[in-house]
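# An overview of the molecular structure
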Amino acid sequence: MIRLKDRDYKQIVQRILGIMQEQRQLRRTAIHCEAVEHLAEENTFYIFRTDTQTVLAKGIKGYEQAKNRANCFRQAMNLRWDQISFKAERKVPQKFGVNGRSFTNARGDTGRVDYANRVNPSKGRRFRGYTDSQGGFHDID
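What comes next concerns the included structure.

## Quick word on the pattern of salt bridges
Side-chain pairs of opposite charge can arise where the charged atoms are in close proximity. Throughout the structure, instances matching the rule amount to 3 salt bridges. Ionic pairing is found between Asp51 and Arg49, a salt bridge with its closest N-O pair at 2.8 Å.

Okay, structure coming up:
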């Protein structure tokens, strides 16, 4: 049987730890790449001319599709590479709050705003609130 010295054990342990760190790093980059690819394919893009800021196409789903369409526009319009570009379209934030006589809460439920006859002294306006579908009354502000 072969006898191993302490130095040999240290080398083996260091090698195993190095391999484990490499595998951990590979897993992290693979997960990150999958997340980025998923987001890129999930977004919609628009294509525009950089010199005139004219929008040429909107609502293109996926990064690769947008890249291919931008290239087709470039070839068809005889443009240079720096004259055409594409960006991800911004998501429109959901608007909620009081708008006139109606109210939209954070979940998207809409209802009529009720105003009281009395004035709230700290705010300088009438008390206001809405009634939800279960009949409960909720103050606004």
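## Some points on the sheet that holds strand S3 (residues 84-88)
Pairing is antiparallel in the open sheet, where 3 strands are placed in the order S2-S1-S3. Of all strands in the sheet, those with a lone pairing partner are strand S2 (55-61) and S3, marking the two edges. When the angles between neighbouring strand axes are averaged without regard to direction, this sheet yields 20°. Taken together, the 4 bridges between strand S1 (residues 44-49) and S2 define a ladder with antiparallel strand orientation. Opposite Phe48, over in S2, you have Val55 as the bridge partner.

## Things to note about the nonpolar core
With 8 residues, the main nonpolar core is built from Phe45, Ile47, Ala57, Ile60, Ala66, Ala70, Leu79 and Ile84. Mapped onto this core, the elements with two or more residues apiece are S1, S2 and helix H2 (63-76).

What counts and how
- Residues numbered from 1 in each chain as written.
- Predicted model: local features only at pLDDT ≥ 70, side-chain atom pairs only at ≥ 80, totals over all residues.
- Heavy atoms only, no water.
- Salt bridge = Lys/Arg side-chain N within 4 Å of Asp/Glu carboxyl O.
- Pairing = 2+ DSSP bridges.
- Helix = DSSP H or I, 4+ residues; strand = E, 2+ residues; numbered from the N terminus.
- Axes fitted to C-alpha atoms, helices over the stretch in contact; angles between N-to-C directions.
- Core = buried A, V, L, I, M, F, W, Y, C linked by side-chain atoms within 4.5 Å.
- Buried < 20%, exposed > 50% of the residue type's maximum accessible area, 1.4 Å probe, protein only.

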